[in-house]
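Structure assessment
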Amino acid sequence: MTPRARGLGAGSAPVKACVGFAQAAGYTRVTLWTNDVLTSARRIYQAHGFVLTDETPHDSFGQDLVGQTWTLNIPR
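Below is a short write-up of the structure.

Reading guide: rules and limits
Position numbers for residues start from 1 in each chain and track the written sequence from start to end. Only residues with pLDDT of at least 70 are given local features in this predicted model, and only at 80 or more are side-chain atom pairs given and counted; all residues enter the totals for whole chains, interfaces and linings. For side-chain calculations, the full set of non-hydrogen atoms in the structure is used, while hydrogens and water are omitted. The definition of a nonpolar core used throughout is a set of buried Ala, Val, Leu, Ile, Met, Phe, Trp, Tyr and Cys residues joined through side-chain atoms within 4.5 Å. Exposed residues in this analysis have more than 50% of their type's maximum accessible area, buried residues have under 20%, and partly exposed residues fall in between, with area computed by a 1.4 Å probe over protein chains only. Segments assigned H or I by DSSP are reported as helices when at least four residues long, segments assigned E as strands when at least two residues long, and all are numbered from the N terminus. We call two residues contacting when some pair of their heavy atoms lies within 4.5 Å. Two rings from Phe, Tyr or Trp (for Trp, the six-membered ring) form a pair when their centres sit within 6.5 Å of each other. Planes less than 30 degrees apart are called stacked, planes more than 60 degrees apart edge-to-face, and all others tilted.

**Some words on the nonpolar core**
Within the largest apolar cluster, eleven residues are counted, these being Val15, Val19, Ala22, Val30, Leu32, Ala41, Tyr45, Phe50, Trp70, Leu72 and Ile74. Those elements that place two or more of their residues in this core are α1 (12-24), β1 (29-35), α2 (39-47) and β3 (63-73). Per-element tally for this core: the top contributor is α1, with three residues. In contact with Phe50, not counting residues within four places along its chain, are Val15, Val19, Val30, Leu32, Tyr45, Trp70, Thr71 and Leu72.

**Focus on the packing of aromatic side chains**
Evaluated as defined, the whole model comprises three aromatic pairs. The interplanar angle of 55° and the centroid separation of 6.5 Å between the aromatic rings of Tyr45 and Trp70 together place this pair among those described as tilted. Placement of the pair is Tyr45 in helix α2 and Trp70 in strand β3, with a sequence separation of 25 residues. Taken as a pair, Tyr45 and Trp70 share a single burial class, namely buried. One aromatic cluster in this structure is built from Tyr45, Phe50 and Trp70.

Coordinates in, geometry out; function isn't part of it.
Laid out in structure tokens, this is it:
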């Protein structure tokens, strides 16, 4: 994302939409997967209540990365 676009909600909007859909559909949990190097994305997930539930090292495209699973429990 370009510096001018930071803070305008472009990253948060899709997460908000997904969580809203899950709530409306009656889901009790949303799980997403990302890599630990995506710090801005992780801040967005945390701001929406997601909690880190798993980390697993892996190799993708010749890079040593740490995959992360983030979970949001949706109250009924």
